[in-house]
Every structure is written in structure tokens, then in C-alpha cells.
Amino acid sequence: MTNQVQILEPGARKLPSKKDHPAGKCLISRRKMLFSSGMATATVMVSVNAGPAAAKMPAMVATYPRKKIAKLGELKTDVPIGFEYPDDGAFASSMLVKMGTEAGGGIGPQKDVVAFNYFCTHQGGDLSGTYKGDTKSLGACPLHLSTYDLTRHGILISGQAYQSLPQVLLELDGDDIYAVGVFGLIFGRYDNLQG
Ligand code: FES
């Protein structure tokens, strides 16, 4: 049985055909799906090949919202602001900070504005209030002392965790900063969009 996914809405973009795709299975990458729409969901058609006849059925696929977080011109260096993303559910608390130091995934003229989820990837310790401007890090975690480097995509500096802190992907539109996705799995979720 082979499943094929094609976007019908919004925009009705033409996707590569099966012969163009070496794997011949999924015709759209997760990244392409995440950034193809500002909508929270998109309607897709799922083709199920079961023998000679192919049935098509509509399905809803969740995508990350595009959420305005802050204005670049109002940020103060090393002063984080909090926000909820990708929803208002559990473990959605996140922080945005202008660090004054170029960082992986950073936006703005200095590429120094980044955002991360606030929950430790080890056992979900709350990292709010632990940002350190001198080391551009988040931590130490109040539970087992994990500390994360915000200049390098939230990689672990020390402690019990073994996964990087989920980084909130940002876009700059004029002076407005938008959250548009999350790189890495948020603690406590089996899917970032299923809070
Ligand atoms: S929960 Fe953060 S180090 Fe264990």
C-alpha cells in the first residue's frame, strides 16, 4: 500500500510527480509543509493505492501558526520577553531575546535575535528566569542543572539532558518578529502541534 499526499488548499501548488522523487513515497517534505501556509491546518488529498483502483479522501494536516511576537526596535539586549508558542497549551512557554552576539538561526541586522522553548528536554524543568547574558545561555535547570547555549541552536553545555533545547524559528517582516515553527521536539509532547 502506498500513500501519496498532495496539497489542494491553499494556493494549489503543483508538487513533484512520483517519478521525480527517488523514494517515490512522500511527495512533500515536512519543512515544505510547515512553511507553505500561515494557516493552522491545510486540506490535503490522501491517495491510497489498493490494487488497480486508487481511492482519494480529504484529510486535515496541522501546520505551525505564524504568530507576531515582538517588534525588533523595542528589544533591549539581554532582556528576554516571554510568549506562548505554538499554542497556549502545556509546555508552550517560550522566550525571545536579542543577545548582541550572532547566533545560529538568529534574525535581525546582527543575526542576534533568537527564541527557544522554556522547558528542559531532560525532564521538563522550567528554565524561565535563567537566561544569562554573559554566557548567552539558558540554565542551569533547577532540577538537574542542564544548561543550553543559545548561540548554537540551544545545544547542551552541561547537565543531564541529551537533546538541544527546541528553537522557535523566527521571521522578520519590517520591524515585526513572527514565530513560524519549532525545530526540535517540545518536552511533554509527542508532536509539537498536539499540545
Ligand atoms: S529536568 Fe532539566 S536537567 Fe533534568
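Residues numbered from 1 in each chain as written. Predicted model: local features only at pLDDT ≥ 70, side-chain atom pairs only at ≥ 80, totals over all residues.

Observations regarding the overall build of the chain
Part 1: Along its length, the chain carries 1 helix and 13 strands.
Part 2: Its helices and strands taken in sequence order, the chain reads β-α-β-β-β-β-β-β-β-β-β-β-β-β from the N to the C terminus.
Part 3: Out of the 195 residues belonging to the chain, those deemed buried represent 28%.
Part 4: Counted over contacts in the chain with a minimum sequence separation of 6, partners at least 24 positions apart contribute 43%. (Helix = DSSP H or I, 4+ residues; strand = E, 2+ residues; numbered from the N terminus. Buried ≥ 20, exposed ≤ 12 C-beta atoms within 10 Å, placed from the backbone. Contact = placed C-beta atoms within 7 Å.)

Comments concerning the pairing of strand S7 (residues 113–117)
Part 1: Counting buried positions along S7 gives 5 out of 5 residues, so the element sits mostly inside the fold.
Part 2: What you see with S7 is no split at all: Val 113, Ala 115 and Asn 117 on one side and Val 114 and Phe 116 on the other are buried throughout.
Part 3: For strand S6 (residues 93–98) and S7, the ladder comprises 5 bridges, and the chain directions are antiparallel. Opposite Ser 94, over in S7, you have Asn 117 as the bridge partner. (Pairing = 2+ DSSP bridges.)

Side note on the confidence of the model for the chain
Part 1: Confidence along the chain averages 82 in pLDDT terms, with 68% of residues attaining 70 or more.
Part 2: In this model, residues 1–39 is a region of pLDDT below 50 whose contacts with residues beyond four sequence positions or in other chains number 52 contacts. (pLDDT = per-residue confidence, 0-100.)

What to know about the environment of Val 114
Part 1: Structurally, the position occupied by Val 114 is in strand S7.
Part 2: Looking at Val 114, the number of C-beta atoms within 10 Å reads 26, which means it is buried.
Part 3: Sequence-distant contacts of Val 114, defined by excluding residues within four places in its chain, comprise Val 97, Met 99, Ala 103, Gly 105, Gly 106, Leu 150 and Gln 167.

Some thoughts on the environment of Leu 172
Part 1: Among the secondary structure elements, Leu 172 is positioned in strand S12 (residues 167–173).
Part 2: Given 13 C-beta atoms within 10 Å, Leu 172 falls into the partly exposed group.
Part 3: Here the alpha-carbon distance between Leu 172 and Lys 71, two residues 101 residues apart in the chain, equals 9.1 Å.
Part 4: When sequence neighbours within four positions are dropped, the list of residues in contact with Leu 172 reads Leu 72, Ile 107, Gly 108 and Ile 177.

Overview of unusual backbone geometry
Peptide bonds are trans in most cases, and residues, glycine excluded, mostly fall at negative phi.
Part 1: Note the cis peptide between Tyr 85 and Pro 86, where omega equals 10°.
Part 2: Relative to the helices and strands, Pro 86 resides in the loop between strand S5 (81–84) and S6.
Part 3: Along the chain, Gly 139 connects to Ala 140 via a cis peptide bond; the corresponding omega equals 5°.
Part 4: Mapped onto the fold, Ala 140 is located in the loop between strand S9 (137–138) and strand S10 (147–149).

Looking at the nonpolar core
Part 1: Core analysis: the biggest nonpolar cluster contains 33 residues, and Val 114, Ala 115, Phe 116 and Val 168 have the highest contact counts within it.
Part 2: For this core, the elements supplying multiple residues, two or more each, are S6, S7, S12 and strand S13 (176–183).
Part 3: In terms of residue count, S7 provides more of this core than any other element does, 4 residues in total.
Part 4: Non-local contacts of Val 168, meaning those with residues more than four positions away in its chain, are made with Tyr 85, Ser 94, Ala 115, Phe 116, Asn 117, Ala 179 and Val 182. (Core = buried A, V, L, I, M, F, W, Y, C linked by C-beta atoms within 7 Å.)

Here we look at the sheet that holds strand S11 (residues 155–158)
Part 1: Taking strand neighbours across the sheet as the criterion, the 4 strands line up as S8-S9-S10-S11 in an open arrangement whose pairing is antiparallel. At either end of the open sheet lies a strand with only one pairing partner, and these are strand S8 (131–132) and S11.
Part 2: Pairing geometry for S8 and S9, over 2 bridges, is antiparallel. Within S9, the position partnered with Tyr 131 by the bridge is Leu 138.

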